[in-house]
Amino acid sequence: MHVLFVCSGNVCRSVIAERLTLAVAADHGLQELSAESAGVRALVGFPVEPLAAQTIVGLGGNADNFKARRLKADMVHRADLVLAMTEKIRDQVRELVPEALPRTFTLLEAYRIAKVSGARTVVGLHAARNDLAYVGRENISDPVGLSPQQFCDVGDRIAEALVPLLLALHAHQHPQATLHPRSAADGQPPLLVIDGGRGEQSRRAEPPRPAEYYGPAVEPTRHAAESAG
């Protein structure tokens, strides 16, 4: 599965998600999982924003050899799944490539649908979309210009949604994925249990978090943050 992440400048949020995805693929042996990122108003040619780079490293990823790119239609065409950081950006992707609607979501939207419906394919996410319409915002804000702590918070939010979503969509390869037992009782499709995306221990030394901050995790994973990307 090839995933395209889209944000504004492609130097923070989307590149964090891209590099986290590559780290998850390596950690879990998901050889067919790949990722790239772009921005609708990209700072073309710029490297990863420094605080975003720290976040990527804290997540266990590699922030090197990156240059921001502007979103183009061919990127959308080759993606199996497109995950935008905001609803506005998601809609811009759909305007650019209307036929991509069934595989284009915000990251938080896709995570919510997978968690509630038990969908484990992109087709399943789209099929459940209309039944699980959500009144509210499912956006991850741009942290550019904000504090290191706020970058950390944004990174946490990306990781908490993205890691379990990726593992859910690769449940056939992930032995830790479990199904909710309700299906045996009422005949409904089984629900995949997807907990939070961060482990009990973080590779990031600063800032410290209280132990109760870290919810149940799918696997020992890590942290994140974001910016104009």
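Structure: see above.
Residues numbered from 1 in each chain as written. Predicted model: local features only at pLDDT ≥ 70, side-chain atom pairs only at ≥ 80, totals over all residues. Heavy atoms only, no water.

A. Structural context of the nonpolar core. Formed by 50 residues in total, the largest nonpolar core has its most connected members in Leu83, Leu107 and Leu162. Secondary-structure elements contributing two or more residues to this core are strand S1 (2–7), helix H1 (13–28), helix H2 (50–58), strand S3 (81–84), helix H5 (107–117), helix H6 (122–129) and helix H7 (148–169). Per-element tally for this core: the top contributor is H7, with 11 residues. Contact partners of Leu107, with chain neighbours within four places excluded, come to Leu83, Ala84, Met85, Ile140, Ile158, Ala161, Leu162 and Leu165. Val6, Ala79, Ala84 and Val97 belong to the second largest nonpolar core, which has 14 residues in total. (Core = buried A, V, L, I, M, F, W, Y, C linked by side-chain atoms within 4.5 Å. Buried < 20%, exposed > 50% of the residue type's maximum accessible area, 1.4 Å probe, protein only. Helix = DSSP H or I, 4+ residues; strand = E, 2+ residues; numbered from the N terminus. Contact = heavy atoms within 4.5 Å.)

B. Fine view of H5. Along H5, eight of the 11 residues are buried, which leaves the element largely enclosed by surrounding structure. Taken together, the buried positions of H5 are occupied by Leu107, Leu108, Glu109, Ala110, Tyr111, Arg112, Ile113 and Ala114. Downstream of H5 by a residue or two, Gly118 has a phi angle that is positive, lying close to 80 degrees.

C. Examining the packing of H5 against H7 more closely. Look at H5 against H7: their axes get within 9 Å of each other, and the N-to-C directions meet at 45 degrees. Classified by the interaxial angle, the pair formed by H5 and H7 is oblique. Remark: the crossing between H5 and H7 carries left-handed chirality. Mapping the contact onto sequence places Leu107, Leu108, Ala110, Tyr111 and Ala114 in H5 and Arg157, Ile158, Glu160, Ala161, Leu162, Pro164 and Leu165 in H7. When the residues that make up the contact of H5 with H7 are grouped by side-chain class, the tally is 10 nonpolar, no polar and two charged. (Axes fitted to C-alpha atoms, helices over the stretch in contact; angles between N-to-C directions. Parallel < 35°, antiparallel > 145°, perpendicular 65-115°, else oblique. Left-handed = near helix turned anticlockwise from the far one by under 90°. Nonpolar A, V, L, I, M, F, W, Y, C, P; charged D, E, K, R; others polar.)

D. Looking closely at helix H4 (residues 87–96). Of all the positions in H4, only Glu87, Ile89, Arg90, Val93 and Arg94 are classed as buried. Considered in projection along H4, the buried side chains sweep an arc of 165 degrees and stay on one side of the axis. For H4, the exposed residues lying more than 90 degrees away from the buried face are Lys88 and Glu95. Check the buried side of H4 and you find it contacts S1, helix H3 (73–78), S3, strand S4 (104–106), H5 and H6. (Arc of directions from axis to C-beta.)

E. Just the pattern of salt bridges, in detail. On inspection of all chains with the given rule, the structure shows 10 salt bridges. For the salt bridge of Arg78 with Glu36, the shortest nitrogen-to-oxygen distance reads 2.8 Å. One end of the pair, Arg78, is in helix H3; the other, Glu36, is in strand S2 (residues 34–39), and 42 residues separate them in sequence. Among the ionic contacts, a cluster of salt bridges with common partners joins Arg90, Asp91, Arg94, Glu109 and Arg129. (Salt bridge = Lys/Arg side-chain N within 4 Å of Asp/Glu carboxyl O.)

F. Region of the structure containing the packing of H5 against H6. One way to put it is that H5 packs onto H6 with a least axis distance of 10 Å and a crossing angle of 85 degrees. By the angle between their directions, the pair H5 and H6 is classed as roughly perpendicular. Where H5 abuts H6, its residues Glu109, Ala110, Ile113, Ala114 and Ser117 lie against Leu125, Ala128 and Arg129. For the contact of H5 with H6, the residue count by class is five nonpolar, one polar and two charged.

G. A look at the environment of Leu101. Checked against the element boundaries, Leu101 lands in the loop between H4 and S4. Beyond its immediate sequence surroundings of up to four residues, Leu101 is in contact with Arg94, His126 and Arg129.

H. Summary view of unusual backbone geometry. We note that Asn10 has phi near 60 degrees; this positive angle belongs to a residue other than glycine. Positionally, Asn10 belongs in the loop between S1 and H1. Looking at Asn10, the relative accessible area reads 0%, which means it is buried.

I. Summary view of the sheet that holds S2. Taken in spatial order, the four strands of this open sheet run S2-S1-S3-S4, and their pairing is parallel. Whereas interior strands pair on both sides, the edge strands pair on one side only; in this sheet they are S2 and S4. Here the average twist between neighbouring strands, direction ignored, is 25 degrees. By the bridge criterion, four bridges tie S1 to S3 in an arrangement that is parallel. Note on S3: the bridge partner recorded for Phe5 is Leu83. Of the strands in this sheet, S1, S3 and S4 touch H4, which is tilted by about 170 degrees from S4. Its contacts with the sheet put H5 on S3 and S4, and the angle it makes with S4 is roughly 95 degrees. (Pairing = 2+ DSSP bridges.)

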